[in-house]
Amino acid sequence: MTTESTASHSHSSPDDGEVVSHIASTRRHVIVLLGLLMFTALTVGAYNINLGDWNLAAAVIISTCKSALVVWFFMELKDDVAFNRVIFLGAVIFMGLFMAYTMNDTRYRNIVDAYNGGRIDPRTGELANGTAAGIVAQGGELGPLPTLPAGEADGEPAQE
Amino acid sequence: MSTDAHGNSKFLQHHYDTPAQQFGAAKLGMWLFLAQELLFFSGLFVAYGVYRSWYPDAWVVGSHLLDYRMGTANTCVLLLSSFTAVMAVRSAQTGNQKATGNFLLATIFLAGCFMVVKYFEYHHKFEVGYLPGQHFAPHGEGLVEIVAAARETGVNGVPFHLRTFFGLYFVMTGIHGLHVLVGMFVMGWMWNRNRKGEFSKRYSTPVEMTALYWHLVDIIWIFLFPLLYLID
Amino acid sequence: MNQSAQLPPQLSTFAPDVDWMYLFLFWVSVASFVAIVGVMVYFVFRYRRRPGVDAVPTGHGNTALEIAWTFLPLILLVFLFHEGFRVYVQESVAPQNTVDIHVRGMQWNWEFTHSNGVQEFNQAKIPVHTPVRMIMSSSDVLHSFYVPDFRIKRDVVPGMYSTLWFEATELSTPEHPVRVFCAEYCGAARGGTNGAEPNTNHSTMMADLHIIPQADYATFLREGGGPPAECTGAADDVSVCWGQHIYEQNGCRACHGVDGATQAPGPNWKGLFGHDVALEGGASVTADEAYIRQSILEPQAQIVHGFGNINMPPYHLRDQEIDAVIAYMRSLDQ
Amino acid sequence: MTVEAEAAIHADPHHIPADADYLTYERGWKSWLTTVDHKRIGVMYLISILLAFFAGGVFALILRTELLTPGRTIMEADTYNEMFTLHGAIMVFLFIIPSIPAAIGNFVLPIMLGAKDVAFPKLNLASLYIYWVGAIFTLVAITQGHIDTGWTFYTPYSTRADNSAIWMTIGVFILGFSSILTGLNFIATVHTMRGPGMHWRRLPLFIWGTYATAVIQVLATPVLAITLALLAMEKIVGVGVFDPALGGDPVLFQHFFWFYSHPAVYIMILPGMAIVNEVIATFSRRKIFGYMFIAMSSVALALLGFLVWGHHMFVSGQSEYATMVFSALTFLVAIPSGVKIFNWLATLYQGSISLESPMLYSLAFIALFTIGGLTGLFLGTLSTDIHLHDTYFVVAHFHYVMVGGTVFGFLSGLHYWWPKITGRLYDERWARVAFSLVFIGFNVTFLSQFVLGSRGMPRRYYSYLDQFQPLHMTSSGGAYVLGVGFLVMAVMFAKSLKSGEKAGRNPWGSAGYEWQTSPRPHPHNFAEQPVFTRGPYDYHLASERELFTGTDAEWDTHVAKKAEA
């Protein structure tokens, strides 16, 4: 091995970042902020109009757009080295993997055998041993609605 | 290079050859840290997903017991704070020491607002007994709200797993809140270092890293908000 | 495939399939191990360092070779998955007309409930040559229902049902029943119990399956369970004997002494019946028939003072069985 | 990064004389506790994990003694349960996981890269402190008593009120962050600190292995952290996510736990494999065959490790679909493992093989890991797994991977780099005696456990049926031999420290980069920045000087003699 002046290899490493960051304009930041606020309005609006099964999808899609704005512009992944993008995307992929695999179990537990993985005896409706005492006491997931003192219930918007 | 003529040595650590190398390492390290943070939160999102799919009634009723107006306000506050954080970075990069300090202070202030709103939300839930898990015991106004929420959502009863919803609500927002507090503390520290003139056009890495962290805290909230507050 | 000394007796219809796979894997493993280590030892000897002989520099590798040993094993692996999964599917999907037995795991006992409502503790009658499905859940922590002779295992989870099924292929003798183990760690009683005693910890949570002829099981389902055959004599004696039998079999003895002295983990039975008992919270009650019945069926309703942190599970005994236990308790004081 | 930003305002490095070495350049315990030198941090890690290994080993011997007889031998059942919990938790969290990356990796990784230090030296020291804090919590858990949940902390047993799992979970939570920060540091180091000429295709395979490990550490460990945080909150405030008594699902806990703990198996084994690469190349005097395939197989293992966690849950009550997918994917793990073994064999071919103790441990690694891997097929195959799950077969299988694999790899590395760390040689004869005892003892201990398991002996059993006693006694006998082997090794190393012969810079004649610096490296690793002009295994390109095994003085004599001739 030979030695040489250390100065000559200052860019030997392909991952060296640039010291001088790309300085984005204030204008761009303001536009991004406005976009984010607009998406927030959109998601609250979507909440107030009922989309049925699409509610969750809408919420997640809008949130994904918002965070994409934040990551891409505010966090400047746009101008960052490729590997940092890989790290971020990798983390998101592994989150998805964790969620998908776990729910591949939890969603399909008592399908092959009506008992296996179920919480309720499909024949008798009896709850499995070791179920939370509260669920056993009220005989299932839903307990009775509490009866309120007369004066309090009146003020509620009961009409559907 | 380690002691060049441009005064870089002031912030260049001994084991790096160039500021570019040092900055690249810092940024890579920070992104790895953020990846770690995402996976940390992923557990909560998975638990959320599993129980939401199992107990939709509890989730819908629980969501209606949260005040989405407060949630919206807090979302806007956090988005704004992300903006001020990014402006603090920009000011630091352009060497505007005064503006950097002011933007940092603004970010801390907005984070404080977020925590204050959070405090009122928590306070109300504690008062009416919407406590996590085994301590869940709604009473008084809490019962009234549950009846209203159940009627509004067409759920004919009090779902047992409301306590799980509130368990996860407190854990998710609580851990997020802890991250906000840590962020406030770190930004205070940055403010102090900026005041002492430690940052310049050439060196603003710590401010940039702090902002990256802060944006991640914002992103987590961007997901928490609709998932917790806005369920029909 | 024949019986191997490495494996327990084959007593279920699954066992031959599982054992075939086991032995197939065993010989594949032996062959692979001998090949790999054989080559390694040969190279180490053949290319040992000697003066004047240098290593031949590694060339640029051999891509064909690399691809070969990356993809050839896949054939074996796909086969293993396929065969393993095939048997697993058989084990998972019970036939339509199984004999169902409910199983409850609890620290550290197994409770079996037959379709006629008769319960057995730490033992169960099983009809031979009949598909039997166990519908299981646990009242406290995780357990696992493991029958090595049947090659089956499934965790028993609180708050959730899990099932397994099997078909026994041979009758058992009373001396050599088919053994059930708990395979999921579930703790131990605290303090000075002798851990080797039955039903005091994870390792002693066992049950015996008695494989009986189908006709005998049918008779049992029709007529139900009564006092065991060894209890004879006058009606009272039979009752006391039955009660003692229940005490021994159901794991009561793990917590309740009958010598009047030990008070741990649960209250002693001697000198209990008909006496006043102080309760948690200050009240007191006479230990009469109603109280004993309640304490068996709903142990947490009225807890004896000093035992507030003991979490006794409910035992769903039938009326005659509870009467027998009370008769046994009474007999202790005579 | 805030931590290293703090260090940003640093003066120029002091001038350090070229003949300084990292152990003696600064003195006093203060200089150790405040050091940012990765080598010193590595040494402190080494001492810490060896203490943990000793403690875990003592617990193991206690367990094996109890199991000599079916009933009570020396302790009660609940004490026994605490003992195996402590054995597992200490060995996994305090020993194996930090062993190779944090101790040996810290020491050699930056030297191999030609870097002065890791990317974030202060963070590196912080990791060590965090490790110590975590260890203290673990000790507290022991003194608080009744930590008898097993190292897996399965709910709802662990959430019951009467155990001290809370201390242990907090301890492991903290240890997790130590591990995350180490991994983060290594990734950043490999990416940004490579010396001139050190491009990716020249990276020593040890670095590829630790790099892949670091990826898992960063991506998997946080999930353990949140799992334990939820468990702790379950115990403190009764959140009820995992406890069925509060409406939670205990099987969900197992998903959370194994999402970390299965990849953690690769945190443990990949660094062991990484060491074997270095040792086999050195003692065969030959470049590793299929370099890129081995490097990529490490990365593949790291990623595949995330896809297979459900094979720990085949009988847990998870859905049949999940079981099917996890079983199919599990078999894929065999491929990269096999690729490594075949390439190692191909490296031996036409080499010039010498059997010093590091090589013995590495060859033993290949044999034992082969057994560990092949028995893994029994557990990945669904039909046989149903029978073997949670029996001694599993215990034996993972000990063949963790001990036969990781620990043998660790010992191989420890013997291999011992002269670089301490600057001294050890007594090769005694090293071989220790190796023989460890190898024989290990195999006797765990081969008998395979048979126990396939015959139906469940694990974590305090007492057992009489028919199992002969095999249990054999296993315990093997454990005692194993213990004696470690004792001999400890004495041998102690003697080396006290009076061992001074080592040359390259006692094994390796072409590896870390052997080109002085016997005990300079505080900045190399007195002058090296420029890498060849690969780490290019024996035919290395100069005679680089491969010379003696001290510098001996080299001078050698050169003088040559000149005369």
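Residues numbered from 1 in each chain as written. Chains lettered and ligands numbered in written order. Predicted model: local features only at pLDDT ≥ 70, side-chain atom pairs only at ≥ 80, totals over all residues. Heavy atoms only, no water.

Tallying secondary structure elements over chain D gives 18 helices and one strand in all. In summary, chain D has a C-alpha radius of gyration of 24 Å against a globular reference of 24 Å for 565 residues, a match within 12%. Projecting the C-alpha coordinates of chain D onto the three principal axes gives extents of approximately 80 × 55 × 45 Å. Counting all 565 residues of chain D, 72% fall into the buried class. Across chain D, the fraction of contacts at a sequence separation of at least 24, relative to all contacts at a separation of at least 6, is 81%. Total accessible area computed for chain D in this model is approximately 15800 Å², and 68% of it derives from carbon and sulfur atoms. (Helix = DSSP H or I, 4+ residues; strand = E, 2+ residues; numbered from the N terminus. Rg over C-alpha atoms; globule rule 2.2 N^0.38 Å. Buried < 20%, exposed > 50% of the residue type's maximum accessible area, 1.4 Å probe, protein only. Contact = heavy atoms within 4.5 Å. Areas by Shrake-Rupley, 256 points an atom, 1.4 Å probe, with all protein chains shown as cover.)

Attention now goes to the interface of chain C and chain D. Taken residue by residue, the interface counts 81 residues in chain C and 91 residues in chain D. Overall, the association of chain C and chain D removes approximately 7300 Å² of surface from exposure, summing both partners, and the carbon and sulfur fraction of that is 67%. Ranking the residues of chain C by area buried against chain D places Arg49(C), Tyr185(C) and Arg190(C) at the top, with a combined share of 12%. Here chain C is connected to chain D by zero salt bridges. Looking at the side of chain C that touches chain D, the elements with two or more residues in it are helix H1 (15-46), helix H2 (63-92), strand E7 (152-156) and strand E9 (178-182) of chain C. When the residues that make up the side of chain C that touches chain D are grouped by side-chain class, the tally is 47 nonpolar, 21 polar and 13 charged. (Buried area = accessible area lost by both parts, 1.4 Å probe. Salt bridge = Lys/Arg side-chain N within 4 Å of Asp/Glu carboxyl O. Nonpolar A, V, L, I, M, F, W, Y, C, P; charged D, E, K, R; others polar.)

Moving on to the domain arrangement of chain C. Under the domain assignment, chain C is made up of domain 1 (15-92), domain 2 (99-223) and domain 3 (235-332). Placing a centre on the C-alpha atoms of domain 1 of chain C and another on those of domain 3 of chain C gives a separation of 61 Å. (Domains from an automatic or database assignment.)

A few words now on a nonpolar patch on the surface. Taken together, the side chains of Tyr108(A), Ile111(A), Val112(A), Val89(C), Val93(C) and Tyr321(D) make up a nonpolar region of the molecular surface, amounting to roughly 460 Å² of accessible area. Looking at the secondary structure, you find Tyr321(D) in helix H10 (residues 320-332). Overall, the relative accessible area of 34% leaves Tyr321(D) in the partly exposed class. (Patch = residues over 30% accessible without salt bridge, like charges linked within 9 Å, V, L, I, M, F, W, Y side chains within 5 Å.)

This part takes up the packing of helix H1 (residues 19-54) of chain B against helix H6 (residues 162-195) of chain B. All names here are of chain B. Taken N-terminus to C-terminus, the directions of H1 and H6 make an angle of 165°; their axes are 10 Å apart at the nearest point. Regarding the angle of H1 to H6, the classification is roughly antiparallel. The hand of the H1/H6 crossing is left-handed. For the pair formed by H1 and H6, the contact residues are Glu37, Phe40, Phe41, Leu44, Phe45, Ala47, Tyr48 and Tyr51 on the first element and Thr164, Leu168, Val171, Met172, Ile175, His176 and His179 on the second. Residues of the contact of H1 with H6, tallied by class, amount to 11 nonpolar, three polar and one charged. (Axes fitted to C-alpha atoms, helices over the stretch in contact; angles between N-to-C directions. Parallel < 35°, antiparallel > 145°, perpendicular 65-115°, else oblique. Left-handed = near helix turned anticlockwise from the far one by under 90°.)

What follows is about the nonpolar core. Judged by nonpolar contacts, the single largest core of 375 residues is most densely connected at Met134(C), Phe145(C), Leu209(C) and Phe93(D). For this core, the leading source of residues is helix H4 (residues 77-113) of chain D, giving 24 residues. Residues within four places of Met134(C) in sequence aside, it is in contact with Ile101(C), Val103(C), Phe112(C), Ile126(C), Phe145(C), Ser162(C), Thr163(C), Leu164(C) and Phe166(C). One finds Ile246(C), Val277(C), Ile296(C) and Phe307(C) within the second-largest nonpolar core, a separate group that totals 28 residues. (Core = buried A, V, L, I, M, F, W, Y, C linked by side-chain atoms within 4.5 Å.)

So, about the state of the cysteines. Residues and elements named next belong to chain C. With the rule as written, the count across this model stands at one disulfide over all chains. The residue that forms a disulfide with Cys231 is Cys241, at a sulfur-sulfur distance of 1.9 Å. The sign of the -70° torsion about the S-S bond sets the Cys231-Cys241 disulfide as left-handed. Of the two residues, Cys231 sits in the loop between helix H3 (214-223) and helix H4 (235-249) while Cys241 sits in helix H4, which places them 10 residues apart along the sequence. (Disulfide = S-S within 2.5 Å.)

Residues and elements named next belong to chain D. Tracing the sequence through the fold places Phe53 in helix H3 (residues 38-66). Looking at Phe53, the relative accessible area reads 17%, which means it is buried. Along the chain, Phe53 and Ser327 lie 274 residues apart, while their C-alpha atoms are 33 Å from each other.

On to unusual backbone geometry, then. The omega torsion of the bond from Gln107(C) to Trp108(C) falls at 0°, within 30 degrees of zero and hence cis. Checked against the element boundaries, Trp108(C) lands in the loop between strand E1 (99-106) and strand E2 (109-113). The linkage connecting Thr155(D) with the following residue, Pro156(D), adopts the cis geometry, with an omega of 0°. Position of Pro156(D) relative to the elements: it lies in the loop between helix H5 (121-144) and helix H6 (165-192). One non-glycine residue, Glu76(A), lies in positive phi territory at about 55°. On the secondary structure map, Glu76(A) appears in the loop between helix H2 (54-74) and helix H3 (82-106). On the basis of relative accessible area, Glu76(A) is assigned to the buried category, the value being 11%. One non-glycine residue, Asp390(D), adopts positive backbone phi at about 60°. Inspection of the secondary structure assignment puts Asp390(D) in the loop between helix H13 (382-388) and helix H14 (392-422). Take Asp390(D): its relative accessible area is 9%, and that puts it in the buried class.

Before going further, it helps to examine the sheet that holds strand E6 (residues 143-147) of chain C. Residues and elements named next belong to chain C. Taken in spatial order, the five strands of this open sheet run E4-E10-E9-E6-E7, and their pairing is mixed. The sheet is open, and its two borders are formed by strand E4 (123-127) and E7, each paired with just one other strand. Across the sheet, the mean angle separating the axes of adjacent strands is 25° when strand polarity is ignored. As judged from the five bridges shared by E4 and strand E10 (residues 207-212), these two strands associate in the parallel manner. If you follow Pro127 over to E10, its bridge partner there is Ile212. (Pairing = 2+ DSSP bridges.)

Turning next to the pairing of E7(C). Residues and elements named next belong to chain C. With five of five residues buried, E7 lies mostly within the body of the structure. Inspection of the sheet shows E6 paired to E7 by five bridges, in the antiparallel sense. Of the residues in E7, the one forming a bridge with Phe145 is Arg154. Turn length for the E6-E7 hairpin, with the two strands adjacent in sequence and antiparallel, is four residues, and the turn residue Arg151 shows positive phi of about 60°.

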